[in-house]
Amino acid sequence: MTQYARLSADHDPAGDGPARLAGLPGGGRARFAVRRGEHEPWVPLASLGLNPADTPELISVSAEAAARLAAGQGTPVPGSGPLRCPVVRPGKMIAIGLNYMDHIRETGATRPDRPIAFAKYPSSLNDPSGDLIVDPGLTAQPDYEAELAVIIGSPAYQVSRSAALGVVFGYAVANDVSARDLQRAESQFSRSKSMDTFCPVGPWITTADQVPDPQALAIECQVNDEIRQKSMTAEMIFPVAELIAHLSRTMTLLPGDVILTGTPHGVGLGRKPPAFLAEGDLVRVRISGLGSISNKVARPARLAGPS
């Protein structure tokens, strides 16, 4: 069983949204907020007397946050502005390659017999509406990858597949942005996947109790006005529970750790001809029940033209 409490009431009077935890703008320190219904205002955790500095601490105080919220404590903030990334200082970010059968088919790759895991470093984290900074001197082939992000909620070592979903704190929308030319040129994926801003996550964390089946979610990526990726998480070769069981065989998964679970078909590299991201493109990733993130492709400030 997980060691954190539900952040939603058994009956949501709004009836229109799960419990969500978000990052609020402003200040150098992480600011988190919670809300239960989709149309309810955000309640800063600071107004509940709680000041977690990062996502692992957020998870550790979530039970108390739930109790104080249920007691009517806290001061809502209307119009909070653009949300910040809800994942702050995770211990590990582990990404999975070739995990959707439709993606296997489009690339002509061989179906893996076990999960393909690689590191995507936390310095690549980006806000749900932050710019994707692409330096043309480093890559000419930036690509999008719509992904379901899993946030671990309690320590897990050699957990069984049947118990694996019990260690999940929540889920979020992610874009595993990739520099395809670097990815093909090097034997390891981490550098090509970990450029600064190359991992927007959000728009919030939806707590796991609100996602009955992580394998029953619609996932979609749109570039400008064109839908490029459209699939279901049921297409995963290795579902979330199996990924957690597999990874925890050799490492302890800790609260705040993130697993990026792979991308479906429709990536720019797989199109004929390939269609990579360009300056000014707007990339939107949406997962049913979890919200959407939107990120614009931009050059580094030193290369930007006059405004």
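Coordinates for the structure precede this section.
Residues numbered from 1 in each chain as written. Predicted model: local features only at pLDDT ≥ 70, side-chain atom pairs only at ≥ 80, totals over all residues. Heavy atoms only, no water.

What to know about the overall build of the protein
Part 1: Secondary structure assignment for the protein yields seven helices and 17 strands.
Part 2: Relative to its length of 307 residues, the protein is compact, with a C-alpha radius of gyration of 19 Å against a globular reference of 19 Å.
Part 3: A principal-axis box enclosing the C-alpha atoms of the protein has dimensions of 55 × 50 × 30 Å.
Part 4: Counting across all 307 residues of the protein, residues that qualify as buried make up 53%. (Helix = DSSP H or I, 4+ residues; strand = E, 2+ residues; numbered from the N terminus. Rg over C-alpha atoms; globule rule 2.2 N^0.38 Å. Buried < 20%, exposed > 50% of the residue type's maximum accessible area, 1.4 Å probe, protein only.)

Concerning the nonpolar core
Part 1: The biggest cluster of nonpolar side chains holds 46 residues, and the ones touching the most others in it are L148, Y171, I244, L253, I259 and L290.
Part 2: For this core, the elements supplying multiple residues, two or more each, are β4 (93-97), β9 (146-152), β10 (168-175), β13 (218-223), α7 (240-247), β16 (282-287) and β17 (291-298).
Part 3: Among the nonpolar cores identified, the runner-up in size contains 28 residues, and L48, A149, I151 and V258 belong to it. (Core = buried A, V, L, I, M, F, W, Y, C linked by side-chain atoms within 4.5 Å.)

Describing the pairing of strand β14 (residues 226-232)
Part 1: Both β13 and β14 contribute to a ladder of six bridges, which runs antiparallel. Looking across to β14, one finds that C221 is bridged to Q229.
Part 2: Between β13 and the antiparallel strand that follows it, β14, lie two residues; N224 among them carries a positive phi value of about 55°. (Pairing = 2+ DSSP bridges.)

As for the layout of surface pockets
Part 1: By volume, the largest pocket is sized at about 320 Å³.
Part 2: Lining the largest pocket are 20 residues, and of these L98, H103, R180, Q183 and F189 lie nearest its centre.
Part 3: Elements that contribute at least two residues to the lining of the largest pocket include exactly β4, α3 (101-107), β5 (116-119) and α5 (180-185).
Part 4: Counting residues per element, the lining of the largest pocket draws most heavily on α5, which supplies three residues.
Part 5: Among the residues making up the lining of the largest pocket, the classes are represented as eight nonpolar, six polar and six charged. (1 Å grid on protein atoms, 1.4 Å probe; cavity = no way out; pocket = protein on both sides within 12 Å on 5 of 7 lines; lining within 4 Å. Points joined across faces, edges and corners; volume = space filled by probe spheres on them. Nonpolar A, V, L, I, M, F, W, Y, C, P; charged D, E, K, R; others polar.)

Some points on the side chain of H103
Part 1: With respect to the helices and strands, the residue H103 is situated in helix α3.
Part 2: Among all residues touching H103, those that are not within four sequence positions of it are L98, T263, P264, H265 and V267. (Contact = heavy atoms within 4.5 Å.)

Things to note about the packing of aromatic side chains
Part 1: Per the stated rule, a full pass over the model turns up two aromatic pairs.
Part 2: A ring pair is formed by W42 and W204, whose centres lie 5.9 Å apart and whose planes are at 50°; its orientation type is tilted. Taken together, the residues span a long stretch of sequence, with W42 in the loop between β2 (32-35) and β3 (43-44) and W204 in strand β12 (residues 199-207) at a distance of 162 residues. Each member of the pair, W42 as well as W204, is classed as buried.
Part 3: Ring centres of F118 and F189 lie 5.3 Å apart, and the angle between their planes is 75°; this geometry places the pair in the edge-to-face category. Note that F118 is positioned in strand β5 and F189 in the loop between α5 and α6 (190-193), a separation of 71 residues in sequence.
Part 4: Judged by its relative accessible area of 9%, F118 falls in the buried class. (Phe/Tyr/Trp six-rings, centres within 6.5 Å; stacked < 30°, edge-to-face > 60°.)

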